[in-house]
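Per-entry structural report
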Amino acid sequence: MGNSSLAPGVDDTHQVATRKAMARLLPLLCLIYFMSYVDRTNVSLAKAHLAADLGIGAAAYGLGAGIFFLGYALLEVPSNLLAHRIGPRPWIARIAVTWGALSAAMMFVQGETSFYVLRVLLGIAEAGLFPALMYMVTLWFAPKDRAVAVGWIYTAPALGLLVGNPLGGALMQLDGLGGLRGWQWMFMLEGLPTILVGVLLYFKLPERPRDARWLSPAEAAALERRAVLEADPHSHLSSQDWMAAIRRPSTVLMGLIYFLNQVAFVGLVFFTPAMIQQMKDTTPFQVGLMSSSVGLGFLLGVLVLPRIHRRVKSDFVFLGVLTAGLLASAWAFIATGSQGVQMALFVATAFFAGGVLPSYWAIAMKRLQGIQAAAGLAFINTIGLLGGFVGPYLFGMAESATGRSAAGFSVVMGAAALGLLLVPLLAKASRGDRPAAQAGGGAAPVVGPAS
């Protein structure tokens, strides 16, 4: 149902309410996602020190970095179904407290086995966070506003790379203080604040517009109404049959494209410090500072590309162009021998690989509502998280085979090329989705989280 079905006054109320939600809700979602990304990726700064202090080599590090995503993926769908059942607020708070404690516990790593165990547990603890955030977006924002809303949420991991890497590098220079290694200080001082953020969210995060004290009843009603009505072309996807969302070819293809994106992007995130360290003789703080180039590209992408996406008629042409841009950036990095150009290409690669993500999730959310959004988005994220496991492992294997961390850019090229081949298949599968009248039973009401 289009905007024309609503009176001008209602539309104005919705615009005011959307601006309020962008200003009041999104900072809370960004805060928790920022903390998760800092705690998830700070291990990249410790790579060389874990090798020197504990004998954890490149292949073992790549496996440990990626195995986080394996633990995460195993519980992604059941975790988000629980978020739907008990409500996102207590579930997101629980996730933050447990993963903050486990992130701090990384300071006690003794060797490869304890490294693997803690990384798996960290992934299990964080399982369901991102799809729970995306699920909240479906409850609060109309489809036309979701790419921008998700773009703002993605500024959090971008800032996590942009700010977190220099911060982690500075904490690493506490090496020897109190008898602890620098990487131990980093894990402890970046993990403990996450527990406090989890407690804050439990008391401050409204689950639905009707729960927000800073919205009038009319504004809350306008947000909830528009989030449902503008998704009406796919309203059959709001039924209680959550398995139907997982069985759809378009859902599976979105998951596969996301898998390939995460192979490239997560591998890049975890190996950029090692690449820069091999390029230049630098201190840990300088490595962290220069590694933030990936965060800069990511931040530019999530702020710029969703706004361009609003003006492009075809979601799939847009997705294909950005995937082609990622392929070109990776090829250019491999082809050039200039370190200055390579630093610029770190930014460009992250711009395409990370900047596409808000648009990607907006495309996925167009097709899912209610419990099917909880299950379908979690399923897509599960497949993508397996890419987060495979990517660092392939990067580690490439480094072990060549002795060069930058060999991982060949992995980026391969993943981008395969993703580009899948985009036309996704477009075809999406056109083949059955209309509501053929889906059996017509439209069911959108199911929000249980009270």
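Now for a look at the structure at hand. (Residues numbered from 1 in each chain as written. Predicted model: local features only at pLDDT ≥ 70, side-chain atom pairs only at ≥ 80, totals over all residues. Heavy atoms only, no water.)

With respect to the packing of helix α9 (residues 143-172) against helix α17 (residues 357-365)
One can describe the packing of α9 onto α17 by two numbers: an axis separation of 8 Å at closest approach and a directional angle of 135°. In terms of axis orientation, α9 runs oblique to α17. The crossing of α9 and α17 is right-handed. Every residue of α17 that contacts α9 at Arg 146, Ala 147, Val 150, Gly 151 and Tyr 154 is listed here: Leu 357, Pro 358, Trp 361, Ala 362 and Met 365. (Axes fitted to C-alpha atoms, helices over the stretch in contact; angles between N-to-C directions. Helix = DSSP H or I, 4+ residues; strand = E, 2+ residues; numbered from the N terminus. Parallel < 35°, antiparallel > 145°, perpendicular 65-115°, else oblique. Left-handed = near helix turned anticlockwise from the far one by under 90°. Contact = heavy atoms within 4.5 Å.)

Description of the pattern of salt bridges
Counted under the stated rule, the structure contains five salt bridges. Where Lys 47 meets Glu 399, a salt bridge forms, and the shortest distance between an N and an O atom there is 3.4 Å. Of the two residues, Lys 47 sits in helix α3 (residues 47-54) while Glu 399 sits in helix α18 (residues 370-402), which places them 352 residues apart along the sequence. The same class applies to Lys 47 and to Glu 399, which are both buried. In this structure, Asp 53 engages Arg 181 in a salt bridge whose closest nitrogen and oxygen atoms are separated by 3.7 Å. With Asp 53 in helix α3 and Arg 181 in the loop between α9 and α10 (182-204), this residue pair connects regions lying 128 residues apart in the sequence. (Salt bridge = Lys/Arg side-chain N within 4 Å of Asp/Glu carboxyl O. Buried < 20%, exposed > 50% of the residue type's maximum accessible area, 1.4 Å probe, protein only.)

Here's the deal with the packing of aromatic side chains
Using the criterion set out here, one finds 19 aromatic pairs in the structure. When the ring of Phe 265 is compared with that of Phe 298, the centres are 4.9 Å apart and the planes differ by 80°; the resulting orientation is edge-to-face. Of this pair, Phe 265 sits in helix α13 (residues 249-279) while Phe 298 sits in helix α14 (residues 284-309), and the two are 33 residues apart along the sequence. Phe 265 sits in the buried class, given a relative accessible area of 1%. Members of the aromatic cluster, joined through ring pairs, are Tyr 33, Phe 130, Tyr 154, Tyr 258, Phe 265, Phe 298, Tyr 360 and Trp 361. Sitting over the ring of Tyr 202, Arg 89 keeps its end group 4.6 Å from the ring centre. Positioned above the aromatic ring of Trp 91, the side-chain terminus of Arg 94 is 4.4 Å from the ring centre. (Phe/Tyr/Trp six-rings, centres within 6.5 Å; stacked < 30°, edge-to-face > 60°. Lys NZ or Arg CZ within 6 Å of the ring centre and 35° of its normal.)

Notes on the environment of Gly 255
Assignment of secondary structure puts Gly 255 in helix α13. Contacts of Gly 255, omitting those with residues within four sequence positions, involve Tyr 360, Ile 380, Ile 383 and Gly 384.

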